[in-house]
Amino acid sequence: MADDEYDPPLEARRLLRSARVGTLATSDKGHPFASLVTPACLPDGSLAILVSKLSEHTRHLAADPRCSVLLAGVPETVNPQTTPRVTFIGSAEVVEDKKLRARFLTVHPYAELYAGFGDFSFWRIKPEALRLVGGFGRAYRLKASDVAPDPEAMKAVLAAEAGILEHCNRDHAAALAAIAGSAGDWRMVAVDVDGFDLALEERVVRIPFAAPVKDAAEVRRELVRMVTEGRGG
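Conventions and cut-offs
- Each residue is numbered by its place in its chain's sequence as written, counting from 1.
- Per-residue local features are limited, in this predicted model, to residues with pLDDT of at least 70; the limit for side-chain atom pairs, both in listing and counting, is 80 or more; totals at the level of whole chains, interfaces and linings are taken over all residues.
- Side-chain numbers here rest on the full set of heavy atoms in the structure, without hydrogens or water.
- What counts as a helix is a DSSP run of H or I of at least four residues, what counts as a strand is a run of E of at least two, and both are numbered from the N terminus.
- A simple rule labels every residue: compare its accessible area, found with a 1.4 Å probe on the protein chains alone, to the largest value its type can have, and call it buried under 20%, exposed over 50%, or partly exposed in between.
- Contacts are assigned to residue pairs that have any heavy atoms within 4.5 Å of one another.
- To measure how exposed things are, a 1.4 Å probe is used in the Shrake-Rupley method; for residues, cover is taken only from the protein chains shown.
- For the purpose of charge, His is not counted, nor are the chain termini; Lys and Arg are scored as positive and Asp and Glu as negative.
- Working definition for charges: the position is that of NZ of Lys, CZ of Arg, CG of Asp or CD of Glu.
- Think of a salt bridge as a Lys or Arg side-chain nitrogen and an Asp or Glu carboxyl oxygen that are within 4 Å of each other.
- In this analysis, strands are considered paired if DSSP registers two or more bridges between them.
- For helices, the fitted axis covers only the stretch in contact; all axes are lines through C-alpha atoms, and the angles between them, taken along N-to-C directions, range from 0 to 180 degrees.

Draft legend 1. Representation of the overall build of the chain within the structure. In terms of helices and strands, the chain carries seven helices and eleven strands. Each principal axis of the C-alpha atoms in the chain carries an extent, and together these give about 55 × 45 × 35 Å. The 233 residues of the chain split such that 44% are buried. Nonlocal contacts in the chain, meaning residues at least 24 apart in sequence, comprise 59% of its contacts between residues at least 6 apart. When the accessible surface of the chain is split by element, carbon and sulfur atoms take 55% of a total near 12300 Å². Once the 29 positive and 32 negative side-chain charges of the chain are each reduced to a mean point, those two points are 2 Å apart.

Draft legend 2. The arrangement of the pattern of salt bridges in detail. Considering all chains together, one arrives at 20 salt bridges under this definition. We note a salt bridge from Arg17 to Asp194, for which the minimum N-O separation is 2.7 Å. On the criterion of sequence distance, the pair formed by Arg17 in helix 1 (residues 8-18) and Asp194 in the loop between strand 9 (187-192) and strand 10 (195-200) is long-range, its members being 177 residues apart. As far as the burial class goes, Arg17 and Asp194 line up, both buried. Glu112 is the salt-bridge partner of Arg101, the closest N and O atoms lying 3.8 Å from each other. Taken together, the residues span a long stretch of sequence, with Arg101 in helix 3 (residues 98-107) and Glu112 in the loop between helix 3 and strand 7 (120-135) at a distance of eleven residues. Through salt bridges with shared partners, a single network forms among Arg13, Arg17, Arg20, Asp192, Asp194, Asp197 and Arg206.

Draft legend 3. Representation of the environment of Met226. Inspection of the secondary structure assignment puts Met226 in helix 7 (residues 216-230). In this structure Met226 comes out as buried when scored by relative accessible area, which is 8%. The sequence separation of Met226 and Asn79 amounts to 147 residues, and the corresponding C-alpha distance is 31 Å.

Draft legend 4. A look at the pairing of strand 5 (residues 66-72). Direction of pairing for strand 1 (residues 22-28) relative to strand 5: antiparallel, over a ladder of three bridges. Paired with Thr23 across the strands is Leu70, a residue of strand 5. Where strand 5 meets strand 6 (residues 85-95), seven bridges bridge the pair, whose relative direction is antiparallel. Its bridge partner lying in strand 6, Ser68 is registered against Ile89.

Draft legend 5. Seen up close, the sheet that holds strand 9. Pairing is antiparallel in the open sheet, where three strands are placed in the order 9-10-11. Strands with a single pairing partner mark the edges of an open sheet, and in this sheet they are strand 9 and strand 11 (203-208). Across the sheet, the mean angle separating the axes of adjacent strands is 20° when strand polarity is ignored. Lying over the sheet, helix 3 contacts strand 9 and strand 11, oriented at roughly 130° with respect to strand 9. The strands touched by helix 6 (residues 173-180) within the sheet are strand 9, strand 10 and strand 11, with strand 10 carrying the most contacts at an inclination of about 100°.

Draft legend 6. Structural context of the pairing of strand 8 (residues 138-143). In the sheet, strand 7 pairs with strand 8 via six bridges, with the strands oriented antiparallel. The residue bridging Leu130 from the neighbouring strand is Leu142, located in strand 8. What sits between strand 7 and strand 8 in their antiparallel hairpin is a turn of two residues, with Gly137 showing a positive phi close to 80°.

Laid out in structure tokens, this is it:
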């Protein structure tokens, strides 16, 4: 991608949406503490995590909700410094929200085994700022408002999501497999303005759109384009 085509806010959001694992940084009485978490990006760009009350980082968040999460992509070369990554800076809060729970388990279906345990709770981390490093020579400080999706587009796609999932899974199984690039009973399990998630049993992969969409009609156009490309047309 040429530098004049590089869109830092969009690239940061794509990293957030595709990440399945991250490093959470909390404060242990003023001392930095890093731990592994499995985030799920919500439609509005905030992050959801599922953590145990027995964990050190959960106790830290209860005392001081300020935190950050480092999320990394795939390195461009053998040099790890070419890895695109974003540091998501925000504040965490415990939430009891069925939609957040469903979105998290869509991305991490294996977590269904312990999501209902009494010592586990869902937390939402709202962004306050982000630091994107897209590789050598690409470092950007971003505000939360820079990365937030268009609210009207987000609302329109969310309203159409259930219908899109039902239609694609019922009528276009072969097309989904073509998009995934491998055979199998792939199902579309989530869609947002930036792309969608396909699942094969407990494997979930992120498929980004070429550009953010505004409504169901644009989702359809993107899917048609992807199927055509997936089939070599």
